Amino acid sequence: MNMRTRLGLVACSLPGLVLVLTMTMTITTPGAAQAAKPKEERRTVTMVLDHTVLNLEHEFVPAAEAMPEDKYGFAPTGGEFKGVRTFAQQIKHVAAVNYELGAALLEQKPPVPDIGDESGPASITSKADILKFLKESFEYVHKAIATINETNFVGTVRSPFGEGSVSRLGLATTVASHGYDHYGQMVEYLRMNGIVPPASRY
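The paragraphs below set out a description of the structure included in this document.

Calculation notes
Residues numbered from 1 in each chain as written. Predicted model: local features only at pLDDT ≥ 70, side-chain atom pairs only at ≥ 80, totals over all residues. Heavy atoms only, no water. Helix = DSSP H or I, 4+ residues; strand = E, 2+ residues; numbered from the N terminus. Expected span 1.5 Å × (residues − 1). Contact = heavy atoms within 4.5 Å. Salt bridge = Lys/Arg side-chain N within 4 Å of Asp/Glu carboxyl O. Buried < 20%, exposed > 50% of the residue type's maximum accessible area, 1.4 Å probe, protein only. Polar contact = N/O pair within 3.5 Å; in protein donor to acceptor, adjacent residues only side chain to side chain. Bend = angle between axes of the 7 residues up to and from the residue. Core = buried A, V, L, I, M, F, W, Y, C linked by side-chain atoms within 4.5 Å.

## Remarks on helix 6 (residues 127-145)
One full turn of an α-helix is made of 3.6 residues, so residues set three or four places apart face in the same direction.
Argument step 1. In this model helix 6 runs 27 Å from its N-terminal to its C-terminal C-alpha over 19 residues, within 8% of the 27 Å that 1.5 Å per residue would give.
Argument step 2. Elements in contact with the buried residues of helix 6: helix 4 (45-66), helix 5 (87-106) and helix 7 (168-192).

Below, the structure is given as structure tokens:
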């Protein structure tokens, strides 16, 4: 029996089901299912790399904002923590390296002076100024990432960390890997002061 004969028998014997069968067939028609499927967005190299920086920024900046200003000088003292950076120094260090990486990608000098030792300007001490320095460093990195594309991402530029050359892709991925390293330390500092990191609150 073909499908038309079967449906005819059902229509004769169970007239109440004809509408249900018709609706079901209409909904599950392959063409209709394909039409409802959302079109996949084509992601470029630039978009993928920029998104990794954005992910870091969306966790790092709120963590920096979460610590009260009177705790910005905090550094652990118990255990093997001798000589570690304070909370403020962690932020300034990441921002300074952001500038270094961005400048290398843009093949120019960092727009902010006094970051040669990766500590950031000594004159920046308040929470508000440190956060401004951090946020502007991310803006600069996004600008640098925007210059990377499918044709140049494996091309090399001068390394900001010594002699030799490194790929643009390598520098771009270093932004997130380096930032998350210090973000992990900042999370520990926050929790030691009774503060749940914003990214862990939901």
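## Focus: the pattern of salt bridges
Argument step 1. The tally for this structure, following the rule as stated, stands at four salt bridges.
Argument step 2. Between Glu 65 and Lys 135 there is a salt bridge, and its shortest N-O distance comes to 3.0 Å. Note that Glu 65 is positioned in helix 4 and Lys 135 in helix 6, a separation of 70 residues in sequence.
Argument step 3. A salt bridge links Arg 168 to Glu 107, with the shortest nitrogen-to-oxygen separation between them at 3.6 Å. You can see Arg 168 sitting in helix 7 and its partner Glu 107 sitting in the loop between helix 5 and helix 6, a full 61 residues away along the chain.

## Focus on the environment of Thr 147
Argument step 1. Take Thr 147: it is sitting in the loop between helix 6 and strand 1 (156-158).
Argument step 2. Since its relative accessible area comes to 33%, Thr 147 is described here as partly exposed.
Argument step 3. Here Ala 144 takes part through its backbone oxygen, which lies 2.6 Å from a polar atom of the side chain of Thr 147.

## Some details on the side chain of Thr 86
Argument step 1. Here Thr 86 is to be found in the loop between helix 4 and helix 5.
Argument step 2. Those residues in contact with Thr 86 that lie beyond four places of it in its chain are Tyr 72, Gly 73, Phe 74, Ala 75 and Tyr 189.

## What to know about the environment of Ala 66
Argument step 1. Secondary-structure assignment places Ala 66 in helix 4.
Argument step 2. Residue class for Ala 66 comes out partly exposed when judged on its relative accessible area of 23%.
Argument step 3. Expressed as a C-alpha distance, the spacing of Ala 66 and Ile 195, which sit 129 residues apart in the sequence, is 7.6 Å.
Argument step 4. If near-sequence neighbours (up to four positions away) are discounted, Ala 66 is found in contact with Leu 190, Ile 195, Pro 198 and Arg 201.

## Considering helix 7
Argument step 1. Over its 25 residues, helix 7 runs 37 Å from end to end, which matches the ideal 36 Å to within 8%, given 1.5 Å per residue.
Argument step 2. By the largest-angle criterion, Thr 174 marks the main kink of helix 7, which is about 30°.
Argument step 3. Directly after helix 7, the chain includes Gly 194, whose backbone phi takes a positive value near 75°.

## Considering the nonpolar core
Argument step 1. If you look at the biggest cluster of nonpolar residues, it comprises 46 residues, and the most contacted ones within it are Phe 60, Tyr 72, Phe 87, Ile 91, Leu 134 and Ile 145.
Argument step 2. Secondary structure elements with two or more residues in this core: helix 4, helix 5, helix 6 and helix 7.
Argument step 3. Looking at this core element by element, the count peaks at 13 residues for helix 5.
Argument step 4. Aside from chain neighbours lying at most four places away, what touches Tyr 72 is Ala 64, Glu 65, Met 67, Thr 86, Phe 87, Ala 88, Ile 91, Lys 127, Ile 130 and Leu 131.

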